[in-house]
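# Understanding the architecture of this molecule
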Amino acid sequence: MSINFDKERFWHRHIGPDDKQVNEMLQTIGAESLDQLMDETVPGDIRLKEDIQLEEPMSEYRFLEQFREVADKNEIYKSFIGMGYYDTLTPNVIQRNVLENPGWYTSYTPYQAEIAQGRLEALINFQTMVSDLAGLELANASLLDEGTAAAEAMSMLYSSRRGSKRKHAHTFFVSEECHPQTIDVLRGRAEPQGIKLVIGDHEEVDIDDPRLFGMLLQYPATDGEVYDYTGLIDAAGKQGVKTVVAADLLSLAILTPPGEMGADVVVGSTQRFGIPLGYGGPHAAYFATREEYQRKIPGRIIGVTQDAEGNPAYRMALQTREQHIRREKATSNICTAQVLLAVMAGFYAVYHGPRGLRRIAERIHGLTQTAEKALGKLGFEVGNTTYFDTLKVRTTREQQRSIEIQALKQQVNFRYFGDGCIGISFDEVKDLDDVAQVLDIFAKATGRNLEVDLDQLSERAEVDYPERLTRTSSYLEHPVFNLYHSEHEMLRYLKQLENRDLSLVHSMISLGSCTMKLNATAEMIPLSWPKFAKIHPFAPVDQAEGYRTLFKRLKEQLKAITGFEAVSLQPNSGAQGEYAGLMAIRAFHRSRGEEHRNVTIVPDSAHGTNPASAVMAGMEVVVTQCDEHGNIDLEDLAGKVEANKEKLAALMVTYPSTHGVFEEDIRKICALIHEHGGLVYLDGANMNAQVGLTSPAEIGADVCHLNLHKTFCIPHGGGGPGMGPIAAGKHLQPFLPTNAVIPTGGEQAIHGISAAPWGSASILSISYAYIKLMGAGGLKRATEVAILNSNYLKERLKDHYPVLYTGKNGRTAHEFIVDLRPFKQSAGIDSVDVAKRLMDYGFHAPTMSFPVPGTLMIEPTESESKEELDRFCEAMIAIRDEIREIEDGLADKEQNLLRNAPHTMRVAMSSRWDRPYDRERAVFPLDRLRFNKFWPAVSRVDDAYGDRNLMCSCVPLEAYSEGQQPAAVE
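Since the model is a prediction, treat every value here as computed from it, not as a measurement.

Attention now moves to the sheet that holds strand β16 (residues 566-568). Strand pairing within a sheet occurs via backbone hydrogen bonds; the two strands may be parallel or antiparallel. A sheet is described by the order of its strands in space; here 7 strands give the open sequence β16-β22-β21-β20-β19-β17-β18, paired in mixed fashion. Both edges of this open sheet fall to β16 and β18 (620-624), since each of them pairs with a single strand only. For this sheet, the mean inter-axis angle between neighbouring strands, taken without regard to orientation, is 20°. Relative to strand β19 (residues 648-654), strand β17 (residues 599-603) runs parallel, the two being bridged by 3 bridges. The partner of I601 across the bridge, within β19, is L651.

So, on to the pattern of salt bridges. Counted according to the given criterion, the structure contains 66 salt bridges. Between R272 and D248 there is a salt bridge, with the nearest N and O atoms lying 2.5 Å from each other. Note that R272 is positioned in the loop between β7 (265-269) and β8 (285-289) and D248 in the loop between β6 (242-247) and α11 (258-261), a separation of 24 residues in sequence. Both residues of the pair, R272 and D248, belong to the buried class. A salt bridge links E594 to R592, with the shortest nitrogen-to-oxygen separation between them at 3.6 Å. Looking at E594, the relative accessible area reads 19%, which means it is buried. Three or more residues are tied together by salt bridges with common partners; here these are K20, E24, R796, K866 and D870.

So, about the nonpolar core. M129, Y219, F347, F414, I424 and F442 are the most contacted members of the largest nonpolar core, which totals 245 residues. Counting residues per element, this core draws most heavily on helix α13 (residues 339-377), at 20 residues. Non-local contacts of F414, meaning those with residues more than four positions away in its chain, are made with F80, I81, I403, A407, I422, G423, I424, V438, I441 and F442. Counting 36 residues, the second-largest nonpolar core is a separate cluster that includes L197, V244, A317 and L318.

If you walk across this open sheet you meet the 3 strands as β23-β25-β24, and the pairing is antiparallel. Every interior strand has two partners, whereas the edge strands, β23 (816-819) and β24 (847-848), have only one.

Before going further, it helps to spend a moment on the environment of D943. By the element assignment, D943 lies in helix α32 (residues 943-948). Look at D943 and you get partly exposed, because its relative accessible area is 37%. Here the alpha-carbon distance between D943 and Q570, two residues 373 residues apart in the chain, equals 36 Å.

Using the criterion set out here, one finds 34 aromatic pairs in the structure. Here Y279 and F551 contribute two aromatic rings whose centre-to-centre distance is 6.2 Å and whose plane-to-plane angle is 20°, an arrangement assigned as stacked. Here Y279 is found in the loop between β7 and β8, whereas its partner F551 is found in helix α20 (residues 545-562), with 272 residues between them in sequence. Across the pair, F551 and Y279 agree in class, each one buried. When the ring of Y655 is compared with that of F662, the centres are 5.5 Å apart and the planes differ by 75°; the resulting orientation is edge-to-face. Of the residues examined, Y655 reaches a relative accessible area of 0% and is grouped as buried. Overall, the relative accessible area of 3% leaves F662 in the buried class. Taken together through their ring pairs, the aromatic side chains of F63, F67, Y279, W529, F532, Y547, F551, W758 and Y768 make up a single cluster. One Lys or Arg, K392, reaches over the ring of F417 and ends 4.4 Å from the middle of that ring. Positioned over the ring face of F380 is R448, at 4.3 Å from the centre of the ring.

What follows covers helix α17 (residues 487-498). Because an α-helix completes one turn every 3.6 residues, residues spaced three or four positions apart along the sequence face the same direction. Look at α17: 16 Å from first C-alpha to last across 12 residues, which is about the 16 Å you get at 1.5 Å a residue. Looking only at α17, the buried set comprises M490, Y493, L494, L497 and E498. For α17, the angular spread of the buried residues around the axis is 135°, confining them to a single face.

Inspection of every chain in the model, using the stated rule, returns 0 disulfides. For C421, which is in no disulfide, the shortest distance to another cysteine sulfur is to C178 and amounts to 19 Å. Note on C421: relative accessible area 8%, which makes it buried.

A few words now on the confidence of the model for the chain. When pLDDT is averaged across the chain, the result is 94; 97% of the residues are at 70 or more. Note that residues 960-970 has pLDDT below 50 and, in this model, 28 contacts with residues that lie over four places away or in other chains.

Before going further, it helps to spend a moment on the pairing of strand β3 (residues 171-175). Within β3, 5 of the 5 residues are buried, leaving the element largely enclosed by the surrounding structure. Side chains T171, F173 and S175 project from β3 onto one buried face, and the interleaved F172 and V174 project onto a second face that is buried too. Of the pairings in the sheet, the one linking β3 to strand β4 (residues 196-200) comprises 5 bridges and is parallel in character. The partner of S175 across the bridge, within β4, is G200. As for the winding sense of the linkage, the β-α-β connection from β3 through helix α9 (residues 180-190) to β4 is right-handed. The pairing of β3 with strand β5 (residues 212-219) spans 4 bridges and is parallel. Bridge assignment links V174 to a residue of β5, and that residue is L216.

When two helices pack together, their arrangement is given by the angle between the helix axes and the distance between those axes. Contact geometry of helix α2 (residues 19-29) with helix α26 (residues 764-797) gives a least axis separation of 9 Å together with a crossing angle of 45°. Classified by the angle between their axes, α2 and α26 sit oblique to one another. Between α2 and α26 lies a crossing whose hand is left-handed. Here α2 contributes D19, V22, M25, L26, T28 and I29 to the contact with α26, which in turn contributes R781, L788, N789, N791, Y792 and E795. Considering only residue class, the contact of α2 with α26 consists of 6 nonpolar, 3 polar and 3 charged.

Cut-offs used in this document
- Residue indices follow the written sequence of each chain, beginning from 1 at its first position.
- The model is predicted, so local features are restricted to residues of pLDDT at least 70 and side-chain atom pairs to those at 80 or more, both for listing and for counting; the totals for chains, interfaces and linings are taken over all residues.
- Computation of side-chain values: all heavy atoms of the structure, hydrogens and water removed.
- Between any two strands, at least two bridges found by DSSP are needed for them to pair.
- Each helix corresponds to a stretch of at least 4 residues labelled H or I by DSSP, and each strand to a stretch of at least 2 residues labelled E; elements are numbered beginning at the N terminus.
- Here an angle of 0 to 180 degrees is reported between the N-to-C directions of two axes, which are lines fitted to C-alpha atoms, with helices fitted over the stretch in contact.
- When a carboxyl oxygen of Asp or Glu is within 4 Å of a side-chain nitrogen of Lys or Arg, the pair counts as a salt bridge.
- Only protein chains enter the accessibility calculation, which uses a 1.4 Å probe. A residue is then buried if its area is under 20% of the maximum for its type, exposed if over 50%, and partly exposed in between.
- To qualify as a nonpolar core, a set must consist of buried Ala, Val, Leu, Ile, Met, Phe, Trp, Tyr and Cys residues joined through side-chain atoms within 4.5 Å.
- Residues are treated as being in contact if the distance between any of their heavy atoms lies within 4.5 Å.
- What counts as a ring pair is set by centres within 6.5 Å for rings of Phe, Tyr and Trp (its six-membered ring), and what kind of pair is set by the plane angle: stacked under 30 degrees, edge-to-face over 60, tilted for all other angles.
- Cation placement over rings: the criterion is NZ of Lys or CZ of Arg within 6 Å of the ring centroid and within 35° of the ring normal.
- Expected helix span is taken as 1.5 Å per residue step, with the number of steps being one fewer than the number of residues.
- What the arc covers is the set of directions going from the helix axis to the C-beta atoms.
- In what follows, a disulfide is any cysteine sulfur pair within 2.5 Å.
- For every residue, the predictor reports its confidence as pLDDT, a number between 0 and 100.
- Handedness rule for crossovers: strands pointing away from the viewer, path from the first strand over the helix to the second running clockwise, crossover right-handed.
- Just so you know how the angles are binned, under 35 degrees is roughly parallel, over 145 roughly antiparallel, 65 to 115 roughly perpendicular, and the rest oblique.
- By convention, the crossing between two helices is left-handed when the near helix turns anticlockwise from the far helix through less than a right angle, and right-handed when the turn is clockwise.
- Throughout this entry, Asp, Glu, Lys and Arg are counted as charged residues, while Ala, Val, Leu, Ile, Met, Phe, Trp, Tyr, Cys and Pro are counted as nonpolar. The remaining residues, Gly among them, count as polar.

Here it is in structure tokens:
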């Protein structure tokens, strides 16, 4: 027998079904081959004529070997740059058991609360940490970064003017002491919304100006100065002017929190709470505000409610106020968070507790104070009167240049101000040896020689702020922040929470339009490499050659896949990508003197972020209808285009459609828009059905965003991180976004979309790895199998559930919709009941009630094997039989398996059982579940109760009845 010397391909590991299973599934759906299925599914006029041009795929071992060479091109210099980004220590117990743990990073957004209690508790810890430290009543479950959080605060206050004495005001003041990247993001966000931005000295702002509705202050300021804003905030408030403060959260362990100064909103980053620098991200921003804004706060809020047993339970509160649900009425397009990073930051606070955080903050301040005194003895004047961790040292330009040269020799980065001064920021990682190195650099660069006893100076260091700047209020008093300070206890707590969450480690998550596929270990490993994790986003670019190589290669990959000529990697979520693409379109029209083009047409089936993003980009939204087959109604579209032809800016379209169908007329649709002067924006949410078969450029689009956390394998992380780069035609390349600190983008670049130059740069390595491991052939095969898996599920379920939409040959794309609405009439069962019952079978529900109310949208992805698909079908068919029992009168319409689902272990083991069905059938509806059962942590949660009794911080002990343990300390 001859030996096969071919190495195994990675895609054999990534793609679930093997050749034998593929053939079995093809037989089930009545297709002779994958080629035939693709011909029957994807319109021929948009099929690629040749394969994507990518390099040959690599094995996992070879990839990691060569990618380490790329990482080694990065140089880790000691960073004193600051500007909102700091070196930090990720506790090893958190790194190994959260960041590197698929039980945490492969879970989905916690819409199904009963199987997400661990994540929800971790997020409510985060919210409690933020609200306690910021000194405000309410915090959300994180945003994308500090710059965009500040922009969200501006937008929220602007939309809240109605009914106030500033309801006609349009001016927002921004202190020039804010971080430059934040100011840049605000510039980009303000103008399309009709907000006039004024940047200046906060000590000279005219709060009596009737045009002023709000202001943003930095605390501590970007140069390190700590200002007492109490008087300014109070005076502004009396005039109806609202205040946002961007604050360093760690500093608030010892400084008076802005909430106690009277701030209306406090925003910032939690990056220094154990989250690696990662060349800019991902990091969890925070947003705290007053209770009066609870229905306007952007992002997600985790709240406390009770379950069907009367026990406390967590869930996403006020879900109907989510911005993407409000569509064109939204003031934000935020429908995501940085959940994995927020979870880590919250655990950092749990692990260290209030005393630990204070100790870290005091130590950082002590090092800064020691450096200030030592530099003074060396003859340098520090410009700061009051500071926390940052000094602004006055130097001449000649001295600044000499110090920079010497610092680089010693592999140290300072911040160099345009006025010749030098910024030095200390952090958790630094110690007295680093202070000594700073002195050595300054001394050698300026020819000064002074021996300084740093030990003696440090012994005199103390926290001695003016009374009004000294924090006196307590924080983090809840037991969860005071119990888990040993590693053993922390490990057990992390595992307790992990075990309450269902993720991809348990079963398939078949969410339509979300693409929950394998996040391969080989793709994730580089995230922990220091050469990627420990670089400051504003370090000199020649120190990040490895990142440059990564960016260049990933851009080339994405260009080849999309067919476009230009790529921006900056947007750090899909919604940010939508906004960036529309802003580039807006800039394109303006460059041609067509500022009047401000109408964006959006199909009524579109993702809710589409119209919300259009509104943020200053567009007027016109909705076009879909026909009975789920396609864009061409007649209605033509009428809308004709009626708005003079003002037409863009069409936003998802392809294949949100209904799971490749529309046959997509080229005609794009041509119609172009004929009338508009451009086509393609929502990349469904790219998993395009890659290797067609492309946005082939279809006729001008720009698209790519959900790297969907098609290209960045994990969802419980609701973030995500990345949403945009790819565009050459005509839009000049308008791609830039950054205020490190320029990126085109010659006529729009302002920054996110705070960091390349967004959440560190996780781009995941998508690069996926594409490199798969190669062109593997990517095409993945798309084909995703479509095959969808059609296989559709075929197996169609006799049990009505399937709403298919293409002209009866095929679906990578997802399809089953209609549950008939069961409401026949059995009193709706989509929620089916979703909850699926938990008893060990599955997360498909996407509920989108894009059609009362339905489930199912997307199996190519990573799921035939065995797992069959298990899912077995569960869905068994649930249909349970519904039939209700329809036939064999089961009660109220007390039945579905209406009481999910069934917890507590319910099953209770000595009291008064339900008219067998308890064994409730919890073991299939024999296989007797040996491998995922138990929901709580019974069905009461959403209405939680919204009526809103509580968004850790549950107080008195909320529990005798004998119960609080969820936060269980």
